[in-house]
Amino acid sequence: MKVETTEIPDVLLLTPKRFEDSRGYFAETYSARALEDHGIQTRFIQDNMSYSERAGTVRGLHYQAPPHAQTKLIRCTRGAIIDVALDIRIGSPTYGRYVRHLLSAENMCQLYIPAGFAHGFSTLSDNTEVHYKVDARYAPECERGIAFDDGMLGIDWRLGGISPAVSDKDRQLPGFEHLEPEFTCIAGSGAEACAS
Ligand SMILES: Cc1cn([C@H]2C[C@H](O)[C@@H](COP(=O)(O)OP(=O)(O)O[C@H]3O[C@H](C)C(=O)[C@H](O)[C@H]3O)O2)c(=O)[nH]c1=O
């Protein structure tokens, strides 16, 4: 498993090693050891999956506020997505900046997104499946979100000009300027120190 930092150091890009042979391939798709070797001790407690029928579906930007803030490990097992992690930690040197990566069944890449980031993705293909681990339970009362099409953020979801499929809930999410300061970050600290 290759573990690399991204443009925002607390967000990691993981690429499993594929062992190919005449039958196909084998890969370890999750390795706590690989994360520990990178100084990460996250204990995931729940696996989630979402299926999106149509290319051009957008889910997010979502996060859970403390005390149920979630670290996520995202992978795409069918089709392809543009995955986005937005830094919402007050005081972070990368506050308001985001990481954007193409995750697909083909490249098998994964994003490790710590608490203190809003997460969303757009689908680049029909019948897309996304699986992700989280380290805190679902807490509807702590669910928060930011409009995926916020003008200040200007995220390119690579929708190819089509009108996105978005839930009614997501269509009503507030803009980034209305973000509640629920995460703080002591400059230079790890993601764990940012959830407050
Ligand atoms: C997240 C979640 C949802 N649900 C139920 C609640 C709703 O009745 C139904 C659909 O939930 P929602 O519309 O919030 O699903 P998404 O729009 O895919 O949201 C997710 O997608 C973005 C990209 C994320 O990063 C979050 O994990 C999550 O917010 O599943 C549960 O029962 N447990 C859960 O952990």
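Residues numbered from 1 in each chain as written. Predicted model: local features only at pLDDT ≥ 70, side-chain atom pairs only at ≥ 80, totals over all residues. Heavy atoms only, no water.

An unreviewed UniProt entry annotates the chain as dTDP-4-dehydrorhamnose 3,5-epimerase of Roseibium salinum. Within the UniProt record for the chain, the comment given under Function (unreviewed entry) is "Catalyzes the epimerization of the C3' and C5'positions of dTDP-6-deoxy-D-xylo-4-hexulose, forming dTDP-6-deoxy-L-lyxo-4-hexulose." Here the chain is described in UniProt, under the heading Pathway (unreviewed entry), as follows: "Carbohydrate biosynthesis; dTDP-L-rhamnose biosynthesis." (UniProt positions renumbered as here; feature names shortened; annotations may be inferred.)

A.B. asks: Explain the site of the ligand to me, please; I cannot follow it from the model alone.
C.D. replies: Every residue near the ligand is listed here: Gln46, Asn48, Arg59, His62, Lys72, His119, Phe121, Tyr132, Tyr138, Glu143 and Lys169. At 2.6 Å from an oxygen atom of the ligand is found a side-chain nitrogen or oxygen belonging to His62. Within the contact set of the ligand, an oxygen atom lies 2.8 Å away from a side-chain nitrogen or oxygen of Tyr132. Here the ligand loses 65% of its free accessible area of 650 Å² to cover by the protein chains. At the level of elements, strand E5 (46–52), strand E6 (58–64) and strand E11 (117–123) are the ones that each hand at least two residues to the shell around the ligand. (Near = heavy atom within 4 Å. Polar contact = N/O pair within 3.5 Å; in protein donor to acceptor, adjacent residues only side chain to side chain. Areas by Shrake-Rupley, 256 points an atom, 1.4 Å probe, with all protein chains shown as cover. Helix = DSSP H or I, 4+ residues; strand = E, 2+ residues; numbered from the N terminus.)

A.B. asks: Before we go on, may I ask you to explain unusual backbone geometry in this structure?
C.D. replies: For residues that are not glycine, phi is negative in most cases, and the peptide bond is trans in most cases. Between Gly60 and the following residue, Leu61, the backbone shows a cis peptide bond with an omega angle of -5°. Relative to the assigned elements, Leu61 resides in strand E6. Residue Pro67 follows Pro66 across a cis peptide bond; omega there is 10°. In this structure, Pro67 sits in the loop between E6 and strand E7 (72–78). Despite not being glycine, Asn127 has its phi angle at roughly 55°, a positive value. Within the secondary structure, Asn127 is located in the loop between E11 and strand E12 (128–134).

A.B. asks: Help me understand the sheet that holds E7, please; the structure alone is not making it clear to me.
C.D. replies: In any sheet, the strands associate via hydrogen bonds between backbone groups, in a parallel or an antiparallel arrangement. Ordered in space as E1-E2-E10-E7-E12-E5, the 6 strands form an open sheet in which the pairing is antiparallel. The open sheet is flanked by strand E1 (2–5) and E5, the only strands paired with a single partner. The mean inter-strand angle of the sheet, taken between neighbouring strand axes irrespective of direction, is 25°. (Pairing = 2+ DSSP bridges. Axes fitted to C-alpha atoms, helices over the stretch in contact; angles between N-to-C directions.)

A.B. asks: Explain the nonpolar core here, please?
C.D. replies: Side chains that are nonpolar tend, in soluble globular proteins, to be buried together. If you look at the biggest cluster of nonpolar residues, it comprises 20 residues, and the most contacted ones within it are Leu61, Leu86, Ile88, Ile146 and Trp157. Among the elements of the structure, E6 and strand E8 (80–87) are those that each provide at least two residues to this core. When sequence neighbours within four positions are dropped, the list of residues in contact with Ile146 reads Gly60, Leu61, Tyr63, Leu86, Ile88, Ala118, Leu153, Leu173, Pro174, Gly175, Phe176 and Leu179. Counting residues in hydrophobic clusters, the runner-up holds 17 residues, among them Cys76, Leu103, Cys109 and Phe117. (Core = buried A, V, L, I, M, F, W, Y, C linked by side-chain atoms within 4.5 Å. Buried < 20%, exposed > 50% of the residue type's maximum accessible area, 1.4 Å probe, protein only. Contact = heavy atoms within 4.5 Å.)

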